[in-house]
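Overview (structure and organization)
Chain by chain, the residues:
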Amino acid sequence: MRWLDRLLGRDTPSIDVKARMAEAYDLAAKGELTAALDTWAELAQAGVPRAQNNVGACFAEGMGVERDLVLARRWLVLAAGNGDPVGQRNLAALHFRGEDQPADFAEAARLYRAAAEQGDGPAQDMLSWMLLEGEVVPRDVLEARRWAEAAAKQGIAAAMTRMGMLHHDAIGVPRDPAEAARWWRRAAERGEADGQAMLGAAMMTGAGVARDPVEAFIWLLRAQAGGSALAAQFLPAARAPLDGAALSEAARRAAAPLPDPGPLDLTVREAPAGPAVPAAPEARP
């Protein structure tokens, strides 16, 4: 394989980095991961940090190549050491999961912070969650809120759900059901299952938002279909007041694709910041 030759240093041609990276991403978007790896390997061998991350991520997830966590870690260490924020986040995920080596949550937190400080949204989301949990880093709800808001501004829906929980549970802010519901709606409209469950629960009771039993049930059905463990505790109460026609209509609407939520409006109240768990860490090119 040409990409393996390049990883082993047997082929190091002159490279137009920008053009070659664009070419590789186009190939990956078409599902041609092996061909994309051939290009990323060329760039990784030449010392391009994002390409080193992409090679490592492919080995970590078995994308276009047999899964190999030893090689994944090797390339992600290079990418992270060269300052690539996605490489830092992906290496943090390896430390967090502890598959090939014992988990090192402190190192994972350090790397997530390094990536977060460079503006990586998923890392900001994960760091926010860790700061709220307080198990491997000291609990700091103000910092957790700051990073959750930063991630939310980049469209990370799990962070929007967490912002809603902060306002709902009065964690670092006065309790504000209306602000909680606004954050949950933002998350729900972007397909975040826990945000859909919490919005449905709010609509069911009229907490911070107009009471709407049918709409509540629709959001809870969407949340259940999306894998939210929160939905189950609310569904029986949401189903009880609805007749057969309403249930059928709700099921029909819940199965329809979500409309485009439009531009993200994240005007928030000035205030210092339970946690919503971010997606399981995984390596991504």
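Quantities reported herein were computed from a predicted structural model and do not represent experimental measurements. Each chain carries its own residue numbering, running from 1 in the direction its sequence is written. Under the rules for a predicted model, residues below a pLDDT of 70 receive no local features and side-chain atom pairs below 80 are neither given nor counted, while totals for whole chains, interfaces and linings still include all residues. Side-chain metrics rest on all non-hydrogen atoms present in the structure, leaving aside hydrogens and water.

Only DSSP runs of H or I with at least four residues qualify as helices, and only runs of E with at least two residues qualify as strands; both kinds are numbered from the N terminus onward. The helix and strand inventory of the protein chain stands at 15 helices and zero strands. The buried label goes to any residue with under 20% of its type's maximum accessible area, the exposed label to any with over 50%, and the partly exposed label to all in between, with areas taken from a 1.4 Å probe on protein chains only. Per-residue burial over the protein chain gives 48% buried out of 285 residues. Only the protein chains shown count as covering a residue, and every accessible area follows the Shrake-Rupley method with a 1.4 Å probe. Accessible area for the protein chain stands at about 12,900 Å²; split by element, carbon and sulfur atoms hold 54% of it.

A word on the nonpolar core. Core analysis: the biggest nonpolar cluster contains 55 residues, and Trp40, Ala51, Val55, Phe96, Tyr112 and Met130 have the highest contact counts within it. Looking at this core element by element, the count peaks at seven residues for helix H8 (residues 121-133). What is meant by a nonpolar core is a set of buried Ala, Val, Leu, Ile, Met, Phe, Trp, Tyr and Cys residues, joined one to another through side-chain atoms within 4.5 Å. Listed in part, the 26 residues of the second largest apolar core include Ala202, Leu220, Leu235 and Leu242.

With that settled, consider the packing of helix H5 (residues 69-81) against helix H6 (residues 85-97). A fitted line through C-alpha atoms represents every axis, and for helices the fit uses only the stretch in contact; the resulting angles, taken between N-to-C directions, go from 0 to 180 degrees. Contact pair H5 / H6: the axes reach a minimum separation of 8 Å and the direction vectors enclose 140°. Taken as axis vectors, H5 and H6 run oblique relative to one another. For the crossing formed where H5 meets H6, the hand is left-handed. Where H5 abuts H6, its residues Leu69, Ala72, Arg73, Leu76, Val77, Ala79 and Ala80 lie against Gly87, Gln88, Asn90, Leu91, Leu94 and His95. Counted by class, the contact of H5 with H6 contains eight nonpolar, four polar and one charged residues. By definition in this entry, angles of less than 35 degrees are roughly parallel, angles greater than 145 are roughly antiparallel, angles of 65 to 115 are roughly perpendicular, and the rest are oblique. Helix crossings get a hand from a simple test, with the near helix turned counterclockwise from the far one by less than a right angle marking a left-handed crossing and a clockwise turn marking a right-handed one. Note on definitions: a residue-residue contact is assigned when non-hydrogen atoms from the two residues lie within 4.5 Å. Residues are sorted three ways: Asp, Glu, Lys and Arg are charged, Ala, Val, Leu, Ile, Met, Phe, Trp, Tyr, Cys and Pro are nonpolar, and all the rest, Gly among them, are polar.

Moving on, we come to the environment of Val209. Summarising the element assignment, Val209 is placed in the loop between helix H12 (193-205) and helix H13 (213-225). Along the backbone, Val209 and Ala180 are 29 residues apart, and their C-alpha atoms lie at a distance of 9.4 Å. Excluding its chain neighbours within four sequence positions, the residues that come into contact with Val209 are Ala181, Arg185, Ala202 and Met203.

The salt bridge definition used is simple: a Lys or Arg side-chain nitrogen within 4 Å of an Asp or Glu carboxyl oxygen. Scanning the entire structure with this criterion turns up 17 salt bridges. With its nearest N and O atoms 2.3 Å apart, the salt bridge here joins Arg20 to Glu42. Here Arg20, found in helix H2 (residues 17-29), pairs with Glu42, found in helix H3 (residues 33-45); they are 22 residues apart in sequence, far enough to count as distant. Residues Arg20 and Glu42 agree in their burial class; the two are buried.

Relative to the helices and strands, Trp75 is located in helix H5. Residue Trp75 is classed as buried on the basis of its relative accessible area, which comes to 8%. Distance in space between the C-alpha atoms of Trp75 and Ala57 is 8.4 Å, their sequence separation being 18 residues.

Our focus in this paragraph is the side chain of Thr161. For Thr161, the location among the structural elements is in helix H10 (residues 157-168). Under the relative-accessibility criterion, Thr161 is labelled buried at 1%. Polar contact criterion, stated in full: a pair of N or O atoms within 3.5 Å, where within protein one must be able to donate a hydrogen and the other to accept it, and residues adjacent in sequence count only if both atoms are side-chain atoms. Reaching out from Thr161, the side chain makes a polar contact with the backbone nitrogen of Gly195 at a distance of 3.4 Å.

Given two aromatic rings, their pairing is described by the distance between the two centres and the angle made by the two planes. Aromatic rings from Phe, Tyr and Trp, with only the six-membered ring used for Trp, were paired whenever their centres fell within 6.5 Å, and each pair was classed as stacked if the ring planes differed by under 30 degrees, edge-to-face if by over 60, and tilted otherwise. Enumeration over the complete set of coordinates arrives at three aromatic pairs. Where Tyr25 meets Trp40, the ring centres are 5.6 Å apart and the plane angle is 70°; that geometry is what we call edge-to-face. In this pair, Tyr25 is assigned in helix H2 and Trp40 in helix H3, connecting sequence segments 15 residues apart. Classification of Tyr25 as partly exposed rests on a relative accessible area of 33%. Pairwise contacts between aromatic rings join Phe96, Phe105 and Trp129 into one cluster. Arg186 extends its terminal NZ or CZ atom over the ring of Trp183, reaching a point 4.3 Å from the ring centre. Only when the NZ atom of a Lys or the CZ atom of an Arg is both within 6 Å of the ring centre and within 35 degrees of the ring normal do we say a charge sits over the ring. Sitting above the plane of the Trp219 ring, Arg222 keeps its charged end 4.6 Å from the centroid.

Honestly, that's just the spatial picture; any functional story needs more than this.
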